[in-house]
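Next come the chains, spelled out residue by residue.
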Amino acid sequence: MKKSIGKEMPLYPAPVSVIASYDKSDRANVMTASWVGICCSEPPCIQVSIRKSRHTHDSILIHQAFTINIPSSKYIAETDFFGISSGSRCDKFTESGLHAQKAPNVEAPLVEEFPISIECELLDTLNLGSHVMFIGRVVNTLVSEECLDEKNKIIPEKISPFCIAPGNGDYFALGEKIGKAYSDGNKFMKRKI
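Structure report, in brief. Since the model is a prediction, treat every value here as computed from it, not as a measurement.

## Description of the sheet that holds strand E9 (residues 116-127)
So, point 1. In spatial order, the strands read E3-E2-E6-E9-E10-E5-E4; together these 7 strands make up an open sheet with antiparallel pairing. Edge positions in the sheet fall to strand E3 (28-33) and strand E4 (36-40), since each has one partner strand and no second. Averaged over all adjacent pairs, the angle separating strand axes in this sheet is 35 degrees, with direction ignored.
So, point 2. Looking at chain direction, strand E5 (residues 45-51) and strand E10 (residues 131-143) are connected through 7 bridges and run antiparallel. Looking at E10, one finds that arginine 51 is bridged to histidine 131.
So, point 3. Where helix H1 (residues 55-63) meets the sheet, it contacts strand E2 (17-22), E3, E5, strand E6 (65-70), E9 and E10, and its direction lies at approximately 55 degrees from that of E2.
So, point 4. Lying over the sheet, helix H2 (residues 76-84) contacts E2 and E3, oriented at roughly 100 degrees with respect to E3.

This is how it looks when you write it as structure tokens:
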């Protein structure tokens, strides 16, 4: 039997991403976000929801661009720092020892050490209340070569991404492979499609 716990949002797992943008002084800034997700296939779009009070909110609006960077688990402390500090009060790259690199196609930085960086042009915004949803059109994705197979497909275990448990703030690593999408459910198909 299930028990009501109120208006909680335990969407497990919530991916941990780092959003990078240039602020009004053209200084590279980053923030950690877990309210990130794919929202369209054609054109390819990703959304991130950010509070209006965050330094990154205005930065994205100024430059009409951002990057979504996927950290590996060896950068948990730096990624956590990016979420608990404000770019309006410190230079997060200097403090963390990580490096900003100019994205090749959009007016935003990327995190050099992180294995995946997705360049996004701001396509639209949606004011939802406490958060604004920024919809970014993906213009390019950069992946560390050592995280790709011979067909340039991402090897998830080499990325070593991590997620957060909404509500309690615990980080979790990617687990073992347990099945194959678009395949394992075939045993329930009455006819072939």
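## Description of the sheet that holds strand E11 (residues 162-164)
So, point 1. Pairing is antiparallel across the open sheet formed by 3 strands, whose spatial order is E1-E11-E12. In the strand order of this sheet, the two ends are held by strand E1 (14-15) and strand E12 (171-173), each with one partner.

## A closer look at unusual backbone geometry
As a rule of thumb, non-glycine residues mostly have phi less than zero, and peptide bonds are mostly trans rather than cis.
So, point 1. In this structure, proline 43 follows glutamate 42 across a cis peptide bond, with omega equal to 0 degrees.
So, point 2. Within the secondary structure, proline 43 is located in the loop between E4 and E5.
So, point 3. In this structure, aspartate 26 is a non-glycine residue whose phi angle is positive, near 65 degrees.
So, point 4. Among the secondary structure elements, aspartate 26 is positioned in the loop between E2 and E3.
So, point 5. Backbone geometry places glutamine 64, a non-glycine residue, at a positive phi of 60 degrees.
So, point 6. Summarising the element assignment, glutamine 64 is placed in the loop between H1 and E6.
So, point 7. Glutamine 64 sits in the partly exposed class, given a relative accessible area of 42%.

## Regarding the side chain of serine 86
So, point 1. Of note, serine 86 is situated in the loop between H2 and helix H3 (92-96).
So, point 2. Separated by 2.7 Å, the side chains of serine 86 and serine 88 make a polar contact.
So, point 3. Not counting residues up to four positions away in its chain, the partners in contact with serine 86 are His55 and Lys92.

Thresholds, definitions, all that
- Residues numbered from 1 in each chain as written.
- Predicted model: local features only at pLDDT ≥ 70, side-chain atom pairs only at ≥ 80, totals over all residues.
- Heavy atoms only, no water.
- Pairing = 2+ DSSP bridges.
- Helix = DSSP H or I, 4+ residues; strand = E, 2+ residues; numbered from the N terminus.
- Axes fitted to C-alpha atoms, helices over the stretch in contact; angles between N-to-C directions.
- Contact = heavy atoms within 4.5 Å.
- Buried < 20%, exposed > 50% of the residue type's maximum accessible area, 1.4 Å probe, protein only.
- Polar contact = N/O pair within 3.5 Å; in protein donor to acceptor, adjacent residues only side chain to side chain.

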